[in-house]
Amino acid sequence: MDEDIWSRLAEYYERIKDTPLVERFARDPERFQNFSITLDDMLLDFSKTSLDETACSLLLELACATDLENKRDAMFNGEPVNRTENRAALHTALRNRSNEPVFVENKDVMPEVNATLASMAAFAEGVRSGITSAHDGAAFTDVVNIGIGGSDLGPAMATPALAPYHDGPRLHFVSNADGAEISDLLKQLDPGRTLFIISSKSFTTIETMTNAATAKKWMTAGIGEKATEHFAAVSTALDKTTEFGIAPDMVFSFGDWVGGRYSVWGPIGLSLMIAIGQERFAEFLQGGHDMDQHFRSAPLHKNIPVMLGLVGIWHNNICGYESRAVLPYDQRLARLPAYLQQLDMESNGKSVTLTGDVITRKSGPVVWGEAGTNGQHAFYQLIHQGSQIIPCEFLVAAQSHEENLPQHHRLLLANCLAQSEALMRGRNRDEATERLRAQGAAQEDLDLAIHQVFPGNRPSTTLIYRKLTPRTLGRIIALYEHRVFVEGAIWGVNSFDQWGVELGKELAATLLPLIGKNAGYEDKDGSTQGLLQTISQLRGD
Ligand SMILES: O=P(O)(O)OC[C@H]1O[C@](O)(CO)[C@@H](O)[C@@H]1O
């Protein structure tokens, strides 16, 4: 049955694809109202895409045929939707502000969630007030989160996003195996005033463990035997945190039903909570919960994550656009594209369905982006005039936090709206020629007009929110989580595993002992052998 809907979508697209977006607006004065959805002070506008009523109906039919609503309910109800790892995916329980019971294998997880949140809050507020202090009783001035992927990107993205609320100690993030990152940071820090949070669900991730060992050595050199008093951990592997020397009351745990890239809502968000305080963190959770309730209860055609997911399916599978750009006109969301790359590409970058069948169509697209307006002066050339079409996803706040700089925010808003307008309407050759003439160009220079043509008819969505508060950020992140879920459910993939990261990790382990050696790698391919030899020569090993 789904195949039939996919075919009807493809056929329908062939019929409508040449209708310019501007013409759609001319035909339907209510197009903006008809193709936008509001949730309180947030609005998703998808009217600047080629979706029309028929396309939306077909996509909604597809969502129903692929059992989207039952899959959604199964996730919220704690069923083992992550079937390849036989686990639930219950990040929504971490932000379940209704406190209604959520069962995993017949056990309500909410008491555990609330207890963990309370112990995080006690610790975070202790660090903020100085009650939880350094070895000599002084307050910590700097907190370093060491983690990678989902144990880094959430708080590393959210902390600058919520900078106006940051009134706790300074926060730093170390993730890369490259010693340059930790080395450059440690030079700025005083071990006597620094707290490390080692964030690793598994507590085996090589990058994190290597950075943690370096931090411990540095701390021991700085303050001696009390070094481990300056370490906390966030992990599910309590035996390993103990082995590292971290006291059990400095360890914050969570269930294996929270996936790494969905974990900012719980203890992985501890560094964020230290930065903004427990009350603001609770508002952030409330924002996530707001979006959960909307996702669970709004009719599909008025459901922001559902419609954003269907826009994604339309662009990827029907229009054939292979990437999408996330363009926050919000400097504090500069790390959002990186965050969404993991969320989206680790979740839906799959080629096999949950039932083990090879997917016959494209799954997760390439996700990339940059904060506006910087992107305008870098890659927007290609977005406007390049030979491939890249759906753009703009995000912008109506109000800024910089009330003393209103001219900046007006400029930012004007630029954001100008880009989606330019992408849609473009400029034809006649218009370009007229423009040159109006600028006083000589007749022989009018040929330049061809370079100033913009094809237009390029799709974009815009997410507008009142202001980037903790609650709004929570809504934005949960929106994207559910969008990824919607797309994954339609493709039939497991959006909660990540087997694709394993092979590289395994091979790195086999290569590690070969670095700096001149032999012993005869079983490797020619390129890898050649590279190992060159490394040896260049290092002088
Ligand atoms: O928290 P851990 O176990 O250190 O894992 C970190 C990251 O590594 C991955 O497993 C693979 O990149 C991610 O899914 C995860 O967020």
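All figures in this text were calculated on a predicted structure; none of them were measured in a lab.

(A) Representation of the site of the ligand in the model. Taken together, 14 residues lie around the ligand, and Ser 151, Ser 200, Ser 202, Thr 205 and Glu 346 are the ones closest in. A distance of 2.6 Å separates an oxygen atom of the ligand from a polar atom in the side chain of Ser 200. Taking Thr 205, its side chain carries an N or O atom lying 2.5 Å from an oxygen atom of the ligand. Its free accessible area being 400 Å², the ligand has 86% of it covered by the protein chains. The pocket occupied by the ligand, as judged from atoms lying within 2 Å of grid points, is the largest pocket.

(B) Here's a closer look at the layout of surface pockets. One number sums up the size of the largest pocket: a volume of about 860 Å³. What lines the largest pocket is a set of 34 residues, and nearest its centre among them are Ser 202, Thr 205, Gln 498, Val 501 and Lys 505. The dominant element in the lining of the largest pocket, judged by the number of residues it contributes, is helix H10 (residues 206-223), at 3 residues. Counted by class, the lining of the largest pocket contains 10 nonpolar, 15 polar and 9 charged residues. Each of two domains, domain 1 (3-77 + 282-425 + 459-497) and domain 2 (91-276), supplies a minimum of three residues to the lining of the largest pocket. Within this model, the second largest pocket holds a volume of roughly 380 Å³.

(C) Inspection of the sheet that holds strand E12 (residues 392-397) at higher detail. Spatially, the 6 strands line up as an open sheet ordered E1-E2-E13-E12-E10-E11, and their pairing is mixed. Either end of the sheet is taken by a strand with one partner, and the two such strands are strand E1 (36-39) and strand E11 (366-369). Across this sheet, the average inter-strand angle for adjacent strands is 15°, counted without regard to direction.

(D) Summary view of the pairing of strand E7 (residues 194-199). Within E7, 6 of the 6 residues are buried, leaving the element largely enclosed by the surrounding structure. On E7, burial covers both faces: Thr 194, Phe 196 and Ile 198 on one face and Leu 195, Ile 197 and Ser 199 on the other are all buried. One ladder, built from 5 bridges, connects strand E5 (residues 142-146) with E7; its direction is parallel. Looking across to E7, one finds that Val 143 is bridged to Leu 195. Pairing between E7 and strand E8 (residues 231-234): 4 bridges, direction parallel. The residue bridging Ser 199 from the neighbouring strand is Val 234, located in E8. Read as a crossover between parallel neighbours, the route from E7 over H10 to E8 is right-handed.

(E) Seen up close, a nonpolar patch on the surface. Residues Ile 515, Leu 531 and Ile 535 make up a contiguous nonpolar surface patch of about 250 Å² in total accessible area. Its location among the elements puts Ile 515 in the loop between helix H20 (502-511) and helix H21 (526-539).

(F) Structural view of the packing of helix H8 (residues 153-161) against helix H15 (residues 336-348). Where H8 contacts H15, the axes come no closer than 9 Å and their chain directions differ by 155°. The orientation of H8 with respect to H15, classified from their angle, is roughly antiparallel. At the point where H8 passes H15, the crossing takes the left-handed sense. Residues Leu 153, Gly 154 and Met 157 of H8 lie in contact with H15, whose contacting residues are Leu 336, Ala 338, Tyr 339 and Gln 342. When its residues are assigned to classes, the contact of H8 with H15 shows 5 nonpolar, 2 polar and no charged.

(G) Highlighting the domain arrangement of the protein chain. The domain architecture assigned to the protein chain consists of domain 1 (3-77 + 282-425 + 459-497), domain 2 (91-276), domain 3 (426-457) and domain 4 (502-539). Computed over C-alpha atoms only, the centres of domain 3 and domain 4 are separated by 55 Å.

(H) Expanded view of the pattern of salt bridges. Per the stated rule, a full pass over the model turns up 34 salt bridges. The closest approach of N and O atoms between Glu 125 and Arg 128, which form a salt bridge, is 3.3 Å. Of this pair, Glu 125 and Arg 128 both sit in helix H7 (residues 110-129), 3 residues apart, roughly one helical turn. Judged by its relative accessible area of 27%, Glu 125 falls in the partly exposed class. A relative accessible area of 24% places Arg 128 in the partly exposed class. In this structure, the salt-bridge partner of Glu 502 is Lys 505, at a minimum N-O distance of 3.8 Å.

(I) Seen up close, the confidence of the model for the protein chain. The predicted model of the protein chain averages 97 in pLDDT, with 100% of residues at 70 or higher. Scored as a whole, the predicted complex attains pTM 0.97, and scored at its interfaces, ipTM 0.98.

(J) Expanded view of unusual backbone geometry. Residue Thr 373 is reached from Gly 372 by a cis peptide bond, and omega for that bond is 10°. In this model, Asp 40 sits at a positive phi of 50°, which is unusual for a non-glycine residue. Within the fold, Asp 40 resides in the loop between E1 and strand E2 (42-45). Unusually for a residue other than glycine, Asn 86 sits at a positive phi of about 50°. Following the sequence through the fold, Asn 86 ends up in the loop between helix H5 (68-76) and helix H6 (91-94).

(K) Spotlight on the nonpolar core. Core analysis: the biggest nonpolar cluster contains 138 residues, and Phe 196, Trp 257, Trp 314 and Leu 473 have the highest contact counts within it. Among the elements that line this core, the one with the most residues is helix H19 (residues 470-491), at 12 residues. Of the domains in this structure, domain 1 (3-77 + 282-425 + 459-497) and domain 2 (91-276) are the two that each give at least three residues to this core. Discounting chain neighbours no more than four positions away, the residues touching Trp 314 are Leu 9, Tyr 13, Ile 16, Ser 50, Leu 51, Ala 55, Leu 59 and Cys 319. Ranked by size, the runner-up nonpolar core spans 13 residues in total, among them Leu 327, Ile 390, Phe 394 and Leu 412.

(L) Inspection of the sheet that holds strand E9 (residues 251-252) at higher detail. With parallel pairing, 5 strands are arranged side by side in an open sheet as E6-E5-E7-E8-E9. The open sheet has two edge strands, strand E6 (170-174) and E9, and neither has a second partner. Along the sheet, helix H9 (residues 179-186) makes contact with E5, E6 and E7, crossing E6 at roughly 155°.

Thresholds applied
- Residues numbered from 1 in each chain as written.
- Predicted model: local features only at pLDDT ≥ 70, side-chain atom pairs only at ≥ 80, totals over all residues.
- Heavy atoms only, no water.
- Near = heavy atom within 4 Å.
- Polar contact = N/O pair within 3.5 Å; in protein donor to acceptor, adjacent residues only side chain to side chain.
- Areas by Shrake-Rupley, 256 points an atom, 1.4 Å probe, with all protein chains shown as cover.
- 1 Å grid on protein atoms, 1.4 Å probe; cavity = no way out; pocket = protein on both sides within 12 Å on 5 of 7 lines; lining within 4 Å.
- Sits in = over half its atoms within 2 Å of the grid points.
- Points joined across faces, edges and corners; volume = space filled by probe spheres on them.
- Helix = DSSP H or I, 4+ residues; strand = E, 2+ residues; numbered from the N terminus.
- Nonpolar A, V, L, I, M, F, W, Y, C, P; charged D, E, K, R; others polar.
- Domains from an automatic or database assignment.
- Pairing = 2+ DSSP bridges.
- Axes fitted to C-alpha atoms, helices over the stretch in contact; angles between N-to-C directions.
- Buried < 20%, exposed > 50% of the residue type's maximum accessible area, 1.4 Å probe, protein only.
- Right-handed = clockwise from strand over helix to strand, strands pointing away.
- Patch = residues over 30% accessible without salt bridge, like charges linked within 9 Å, V, L, I, M, F, W, Y side chains within 5 Å.
- Salt bridge = Lys/Arg side-chain N within 4 Å of Asp/Glu carboxyl O.
- Parallel < 35°, antiparallel > 145°, perpendicular 65-115°, else oblique.
- Left-handed = near helix turned anticlockwise from the far one by under 90°.
- Contact = heavy atoms within 4.5 Å.
- pLDDT = per-residue confidence, 0-100.
- Core = buried A, V, L, I, M, F, W, Y, C linked by side-chain atoms within 4.5 Å.

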